Amino acid sequence: FGGKDTVQFQVALNPTSPLWSGIYISGEANKTRKNVAKLFKEERAVCLQALRNIPSTYRINIHRSIKKQRSSEVVGEWDPATLKETDMDTITGYLSKPEHKLEVSKRFSKKEAIDAGIAIAGKFAETFEELLPLHNFLTGKGSNVTQPTGSTMEETIQNILEGKDE
């Protein structure tokens, strides 16, 4: 869903962290990362409310890239429900530096993913639907965007998985 210098919807599976799906802004997304940091600074109260509106099953994480190891470490993690104004300042400070990444995600344990089987695609779709208002806010698109085909994200993903054209 988009190039590197944008607010991305992403599903991630790697050996160092659990399976997750959500919104991601990479450290290489210089323009986007700086724009989001500026938005967080200038519209702190509105951004705080937008992040607090995320379901409590999500986490807001800031990662710092470790280039020599081609990995990253979590340097901050917040529950959206308990996010404070001072946390916004911390997040904004991290986003002002290119080695930091923003992730707003729902995590799935190995057991959850295995037990879900192919239905995990539906769980990813739910994540994207739940985070669409935040994505639209961060990208300046507003929050009342609907799928052009009238399909839900889950139906769209299922069609892609089944090889159906829309």
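Computed from a predicted structure; not experimentally measured. (Residues numbered from 1 in each chain as written. Predicted model: local features only at pLDDT ≥ 70, side-chain atom pairs only at ≥ 80, totals over all residues. Heavy atoms only, no water.)

Among the residues of helix α2 (residues 44-52), Cys-47, Leu-48, Ala-50 and Leu-51 are the ones counted as buried. Down the axis of α2, the smallest arc covering the buried residues is 160°, so these residues share one side. Check the buried side of α2 and you find it contacts α1 (30-42), β3 (59-66), α3 (85-95) and α5 (120-138). (Buried < 20%, exposed > 50% of the residue type's maximum accessible area, 1.4 Å probe, protein only. Helix = DSSP H or I, 4+ residues; strand = E, 2+ residues; numbered from the N terminus. Arc of directions from axis to C-beta. Contact = heavy atoms within 4.5 Å.)

Another aspect to go through is the packing of α2 against α3. Relative to each other, α2 and α3 sit at 100°, their axes nearing to 10 Å. As far as their axial angle goes, α3 and α2 are roughly perpendicular. The residues of α3 that touch α2, namely those facing Arg-44, Cys-47, Leu-48 and Leu-51, are Glu-85, Met-88 and Asp-89. Here the contact of α2 with α3 is composed, by residue class, of four nonpolar, no polar and three charged. (Axes fitted to C-alpha atoms, helices over the stretch in contact; angles between N-to-C directions. Parallel < 35°, antiparallel > 145°, perpendicular 65-115°, else oblique. Nonpolar A, V, L, I, M, F, W, Y, C, P; charged D, E, K, R; others polar.)

So, about the packing of aromatic side chains. For the structure on display, the rule yields three aromatic pairs. Aromatic side chains Trp-20 and Tyr-24 sit 6.1 Å apart centroid to centroid with 45° between the ring planes, which places their arrangement in the tilted category. Side by side, Trp-20 and Tyr-24 carry an identical accessibility label, which is buried. (Phe/Tyr/Trp six-rings, centres within 6.5 Å; stacked < 30°, edge-to-face > 60°.)

Let us look at α5. End to end, α5 covers 26 Å across 19 residues, agreeing with the expected 27 Å (1.5 Å per residue, within 8%). Its axis deflected by about 50° at Leu-131, α5 carries its strongest bend there, up to four residues before the proline Pro-133. Regarding α5, the residues found buried are Ile-120, Ala-121, Gly-122, Phe-124, Ala-125, Thr-127, Phe-128, Leu-131, Leu-134, His-135, Asn-136 and Leu-138. (Expected span 1.5 Å × (residues − 1). Bend = angle between axes of the 7 residues up to and from the residue.)

This brings us to the environment of Ile-62. One can find Ile-62 in strand β3. You can call Ile-62 buried: its relative accessible area is 0%. As for Ile-62 and Val-74, which are separated by twelve residues in sequence, their C-alpha atoms are 5.8 Å apart. If we ignore the near neighbours within four places in the chain, the residues touching Ile-62 are Glu-73, Val-74, Val-75, Gly-76, Trp-78, Ile-91, Tyr-94, Leu-95, His-100, Lys-101 and Leu-102.

So, about the pattern of salt bridges. For the structure on display, the rule yields eight salt bridges. Of the charged contacts, one joins Arg-44 and Glu-85 as a salt bridge, the two residues approaching to 2.9 Å between their closest N and O atoms. With Arg-44 in helix α2 and Glu-85 in helix α3, this pair connects stretches of sequence that are 41 residues apart. Here Asp-79 ties to Arg-59 by a salt bridge, and the two come within 3.9 Å at their closest N and O atoms. With Asp-79 in the loop between β4 (71-78) and α3 and Arg-59 in strand β3, this pair connects stretches of sequence that are 20 residues apart. Given the relative accessible area of 22%, Asp-79 is considered partly exposed. Salt bridges here are not isolated pairs; linked through shared partners, they connect Arg-44, Glu-85 and Asp-89. (Salt bridge = Lys/Arg side-chain N within 4 Å of Asp/Glu carboxyl O.)

Looking now at the confidence of the model for the chain. Of all residues in the chain, 80% have pLDDT values of 70 or greater, and the mean over the chain is 83. Across residues 143-150, where pLDDT falls below 50, the model places seven contacts with residues more than four positions away in sequence or in other chains. (pLDDT = per-residue confidence, 0-100.)

Two elements, β3 and strand β5 (residues 100-108), share six bridges in a ladder whose sense is antiparallel. What sits directly across from Arg-59, in β5, is Ser-105. Pairing between β3 and β4: seven bridges, direction antiparallel. Within β4, the residue paired with Asn-61 across the bridge is Glu-77. (Pairing = 2+ DSSP bridges.)

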